[in-house]
Amino acid sequence: RGHAASGRSLWPAVRITLENKTMIGCNIFRITAWAGSFSGAVSTFVVSIFPAAAAQAQAGDDSISMSFVWVEIFSALILLVSGIAIWFVARNQTTRIRELKREAEKLRDADFGEPLRVQPGELGELAAVFNDMRDKLKTTTISRDYVDSILSSMNDAIIVTASDGAIKRVNRATSHLLGYEERELLGTSIDRIFSPGKSGTLVDQKPSGIPREAFFESKLGESIPVSYTCSFLGGKEAESGDRIYAAQNITERRRAEKRIRYLARIDALTKIPNRMQFQHLLQRCIARARRSSRPLCLFYIDIDAFKEINDTFGHLAGDTTLETVAERLNMALPEDSIIGRLAGDEFAVILDGVGPDESGKKRTDVLAKLVLDRLADPFFVQGHEVFMTASMGIAYYPKDAPNVIDLIRNADAALYHAKKSGGNVYSYYEPVMNEAAVERLMTKSKLKRSFERDELLVHYQPKYNLETGEVFGAEALVRWELPERGLILPSDFIPIAEETNLIIEIGEWVLDKVCEDFRFWQRSVSSPGRVSVNLSLKQLRQPNFTRRISSILRSYEVSPTSLELEITETTLMENPERTIKLLDQLYALGLHLAIDDFGTGYSSLSALQQFPISTLKIDKSFVRHVSTNPDDATIVSTIVQMGRNLNMDVVAEGVESEDQLAFLQRLGCTYVQGLLFGDPMSSDNYLELLLAQAEGTDTHRALFA
Ligand code: C2E
Ligand code: MG
Ligand code: MG
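Residues numbered from 1 in each chain as written. Chains lettered and ligands numbered in written order. Predicted model: local features only at pLDDT ≥ 70, side-chain atom pairs only at ≥ 80, totals over all residues. Heavy atoms only, no water.

(A) Structural detail: the overall build of the protein chain. The secondary structure content of the protein chain amounts to 25 helices and 21 strands. Within the protein chain, the proportion of its 705 residues that are buried is 45%. For the protein chain, contacts bridging at least 24 residues in sequence account for 62% of all contacts bridging at least 6. In the form shown here, the protein chain has an accessible surface area of approximately 37100 Å², with 55% of it arising from carbon and sulfur atoms. (Helix = DSSP H or I, 4+ residues; strand = E, 2+ residues; numbered from the N terminus. Buried < 20%, exposed > 50% of the residue type's maximum accessible area, 1.4 Å probe, protein only. Contact = heavy atoms within 4.5 Å. Areas by Shrake-Rupley, 256 points an atom, 1.4 Å probe, with all protein chains shown as cover.)

(B) Inspection of helix α8 (residues 251-265) at higher detail. Look at α8: 21 Å from first C-alpha to last across 15 residues, which is about the 21 Å you get at 1.5 Å a residue. Those residues of α8 that sit buried are R253, A256, E257, I260, R261, L263, A264 and R265. (Expected span 1.5 Å × (residues − 1).)

(C) Fine view of the layout of surface pockets. Reported here for the second largest pocket is a volume of approximately 860 Å³. Considering the residues around the second largest pocket, the lining is formed by 23 residues, among which D267, R341, H625, N629 and D632 are closest to the centre. The set of elements that each furnish at least two residues to the lining of the second largest pocket consists of α8, α9 (275-292), β7 (338-343), α22 (620-623) and α23 (630-645). Sort the elements by how many residues they give to the lining of the second largest pocket and α23 lands first, with 4 residues. (1 Å grid on protein atoms, 1.4 Å probe; cavity = no way out; pocket = protein on both sides within 12 Å on 5 of 7 lines; lining within 4 Å. Points joined across faces, edges and corners; volume = space filled by probe spheres on them.)

(D) Layout of the coordination of the magnesium ion (ligand 3). Every protein donor of the magnesium ion (ligand 3) is listed here as D596 (OD), D597 (OD), E653 (OE) and E653 (OE), and their distances to the metal cover 2.0 to 2.4 Å. The sequence motif formed by the donor residues of the magnesium ion (ligand 3) is D-D-x55-E. Taken as a pair, the magnesium ion (ligand 3) and the magnesium ion (ligand 2) lie 3.9 Å from each other and share D596 as a ligand. With D597 in strand β18 (residues 592-598) and E653 in the loop between β20 (649-652) and α24 (658-667), this residue pair connects regions lying 56 residues apart in the sequence. With relative accessibility at 21%, the residue D597 sits in the partly exposed group. (Donors = N, O, S within 2.8 Å, 3.2 Å for Na, K, Ca; no water.)

(E) Layout of the environment of S337. Structurally, the position occupied by S337 is in the loop between α11 (315-332) and β7. On a C-alpha basis, the gap between S337 and D352 in space is 6.7 Å, while along the polypeptide they are 15 residues apart. Once you skip the residues sitting within four places of it in the chain, S337 turns out to touch V349, I350 and L351.

(F) Layout of empty space enclosed by the protein. Taken as a whole, this structure holds 2 cavities of 30 Å³ or more when the rule is applied. Every residue lining the largest cavity is listed: R96, E99, L100, L116, R117, Q119, L123, G124 and A127. Listing elements by their share of the lining of the largest cavity, those giving two or more residues are α4 (62-108) and α5 (122-153). Classifying every residue of the lining of the largest cavity gives 4 nonpolar, 2 polar and 3 charged. Looking at the second largest cavity, its volume works out to about 30 Å³. Counting residues per element, the ones that place at least two in the lining of the second largest cavity are α16 (502-522) and α18 (545-556). Looking at side-chain class alone, the lining of the second largest cavity contains 4 nonpolar, 3 polar and 2 charged residues. (Nonpolar A, V, L, I, M, F, W, Y, C, P; charged D, E, K, R; others polar.)

(G) The arrangement of the coordination of the magnesium ion (ligand 2) in detail. Distances from the magnesium ion (ligand 2) to its protein donors, E475 (OE), N534 (OD1), E566 (OE) and D596 (OD), fall at 2.0 to 2.2 Å. The motif formed by the donor residues of the magnesium ion (ligand 2), counted along the single chain, is E-x58-N-x31-E-x29-D. By relative accessible area, which is 29% here, N534 ends up partly exposed.

(H) How the structure looks around the sheet that holds strand β4 (residues 223-232). Ordered in space as β2-β1-β5-β4-β3, the 5 strands form an open sheet in which the pairing is antiparallel. The open sheet terminates on both sides in strands that have one partner only, identified here as β2 (167-170) and β3 (212-217). When the angles between neighbouring strand axes are averaged without regard to direction, this sheet yields 35°. Along the sheet, α8 contacts β3, β4 and β5 (243-249); its crossing angle with β4, the most-contacted strand, is approximately 115°. (Pairing = 2+ DSSP bridges. Axes fitted to C-alpha atoms, helices over the stretch in contact; angles between N-to-C directions.)

(I) Quick look at the sheet that holds strand β11 (residues 390-397). Pairing is mixed across the open sheet formed by 5 strands, whose spatial order is β7-β8-β6-β11-β12. Only two strands of the sheet have a single partner each, and these edge strands are β7 and β12 (426-428). If you compare each strand with its neighbour and ignore which way they point, the axes differ by 20° on average. Sheet topology note: the β11/β12 ladder contains 3 bridges and is parallel. Directly across from I394, in β12, lies its bridge partner Y428. In the packing of α11 onto the sheet, contacts are made with β6 (296-303), β7 and β8 (346-352), and the angle to β8 comes to roughly 10°.

(J) Just the nonpolar core, in detail. Within the largest apolar cluster, 83 residues are counted, with the highest numbers of intra-cluster contacts made by Y460, V514, L583, L586, L664, V672 and Y686. Judged by nonpolar contacts, the second largest core, of 33 residues, contains I303, A332, L351 and Y396. (Core = buried A, V, L, I, M, F, W, Y, C linked by side-chain atoms within 4.5 Å.)

(K) Highlighting the site of ligand 1. Around ligand 1 lies a shell of 23 residues, among which Q461, N534, D596, E656 and L675 are the nearest. At 2.9 Å, a side-chain N or O of Q461 approaches a nitrogen atom of ligand 1. In the environment of ligand 1, an oxygen atom lies 2.8 Å from a nitrogen or oxygen atom belonging to the backbone of L675. Considering ligand 1 on its own, with 790 Å² of exposed area, one finds that the protein chains cover 85% of that surface. If you list the elements that add at least two residues to the shell around ligand 1, you get β14 (471-482), α15 (490-499), α16 and β18. Sort the elements by how many residues they give to the shell around ligand 1 and β14 lands first, with 4 residues. (Near = heavy atom within 4 Å. Polar contact = N/O pair within 3.5 Å; in protein donor to acceptor, adjacent residues only side chain to side chain.)

(L) Inspection of the pattern of salt bridges at higher detail. Inspection of every chain in the model, using the stated rule, returns 29 salt bridges. Two residues, K219 and E184, come together in a salt bridge whose shortest N-O distance is 2.9 Å. Of this pair, K219 sits in the loop between β3 and β4 while E184 sits in helix α7 (residues 182-185), and the two are 35 residues apart along the sequence. Taking the relative accessible area as the measure of exposure, K219 reaches 43% and is therefore partly exposed. Put simply, R261 and E569 hold a salt bridge, and the shortest N to O gap is 3.4 Å. (Salt bridge = Lys/Arg side-chain N within 4 Å of Asp/Glu carboxyl O.)

(M) View of the packing of aromatic side chains. Counted under the stated rule, the structure contains 13 aromatic pairs. An aromatic cluster is built from Y460, F518, W521 and Y686, whose rings are joined through pairwise contacts. Over the ring of Y428 we find K361; its NZ or CZ atom is 4.8 Å from the centre of that ring. (Phe/Tyr/Trp six-rings, centres within 6.5 Å; stacked < 30°, edge-to-face > 60°. Lys NZ or Arg CZ within 6 Å of the ring centre and 35° of its normal.)

(N) Main features of the environment of T161. You can see T161 is positioned in strand β1 (residues 157-161). Residue contacts for T161: discarding those within four places in its chain leaves A166, I167, K168, I190, D242, R243 and Y245.

(O) Local environment of the pairing of strand β17 (residues 563-568). The buried count for β17 comes to 5 of 6 residues, which makes it a mostly enclosed element. Bridging between strand β16 (residues 530-534) and β17 involves 4 bridges; their strand directions are parallel. Pairing of S532 across the sheet is with E564, part of β17. As judged from the 5 bridges shared by β17 and β18, these two strands associate in the parallel manner. Counterpart to E566 in the pairing with β18 is A594.

Here it is, written out as structure tokens:
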């Protein structure tokens, strides 16, 4: 009763409060009001199903009405609680949906943030799927960004086009190279940036991945030489046919090459062709003369007692003398004659169209006298009057010799004759002068027998890693041991062997011997290094050359990767298309390929790039004065730089002094070989060197410290 009384007194209080809407918000008021009417209905329902209670109620019994009030309060409370619960649930859902929306917006802006909390329920599942999507998107975006940053940090200009040549994408280097904004290029044809007139259009070219050269045109109309490759995007011709071009600006390289070629061909002191260039020009003149059945005349000039001028007045005076000789020859001779400096104080002249007939001889006499007279004019060096005379040998093509080598040699023989007659005279070549020619014939027949007599041998010249001083391998050099003459060097018999097909037999014998030695070394040392073998053009031209090499390697069980083939620049460029195919086969076998005597030929490095070559060997003529002659230093450092840019190893040959070694070390050249480390050695001595290295008792290493 007490409870009931207090309950009754509470209800109106609650109602009043509700009505005043002071304590709880209006929503709750509505819910409660609704609950009130609901509880009214409930009481009506209770009355209807419990007639006794109804009767009691109607009887106005106090306790019954109290019960109704309690039922009402209870129901209202239940409803209030469920209302609040519904409100909380609804608020929670809305918050989670908002959170999802917020995260989706962040994702749109590539802000990956933290993964969402995964709660039970359907929204929780949605959040899990969302997190999954976020992770995947993150991975692809990161890899895309990664690719983007690679592309934009690349120095090569990268251009992606559709199969019709329309540009789809370019990197920053492309804009930088051409001066166009990326958006100016997108959608336009790649041919728009291609300087026409060279080799058709870029679009027509089939992607091959092989480096080619072309000119690109910048926005300002500038022609830029580039080396580029074009491949299908995604390897072989993919469905899309999209292509990727990677281009490098080679302006600097071209300039450097031009300078190398100039320095390599022109004598730095007298500014006239050097020996190499002179021989090249003579070769061309002979070819032309042969075609037009015209003669040529060659003067071979040597200053008398030049050594005395040098010794008396010093090297500077010697240099001035040589410059004076070049100037005077230029002045005395007809304009179309070609003048070159063959060596120290030796000069030569080509007179085109001058022959040994009567009028030709007269003209030769006049010019020869004029030259000797002019050269004999005294001149001043450092205040001293210098008297100089010269001697001259003269030979005609084709009367005296049919080729460059023999023509020069015969003119030299005539010069020798002139010198022997006391100097300041000229002599015409006559066959008796040339005892060497006789010797040559004898050598040829002896060389043929050298195999039967077992007179050939191979010496090895080690190549050292410039950084560590370790032996990296060796070059195999053939020698001929003639009982009556001792050891003959290749320069004295390889040219003769080249004239006949003997060089093929010699070459094959050397390969065989090298493999045999290699197998022998392998019994004592695990890795005898990489051995390089010189190849002649005639060997390369054999139809079954690749098969022959691989059969030799197989018979000795020597891995092709242990061998390197050295091919001179001139040999490579003899028939480039045929040679590329052959070298590709050799490369596929696993053999390494090197360009020998680099710098002495006439090819451009870009042309050499098409060959699968991994090593450049700088010719010893450049290395010889590398630490004293700035021109040679420039040539060598440019070659080393170029090699490095092209990912090639660079070997400097002919290293004779520690100064040269130190210079090459500073340049970052990769390997060296030369007499500084001793003469080329026998197979046994090379093995000893390898063993000493393995034990750490090798002595040469101090040189590299
Ligand atoms: P190469 O391939 O350029 O070989 C390097 C030549 O330079 C070798 O002369 C070597 O002894 C010499 N040399 C090495 N270090 C120095 C040095 O510090 N100073 C000087 N002045 N010379 C040095 P070599 O052995 O007389 O060979 C001359 C050329 O003969 C070789 O030039 C190569 O073209 C050719 N040759 C040698 N062996 C073979 C062979 O088996 N087959 C063919 N086809 N040619 C060969
Ligand atoms: Mg060589
Ligand atoms: Mg060489």
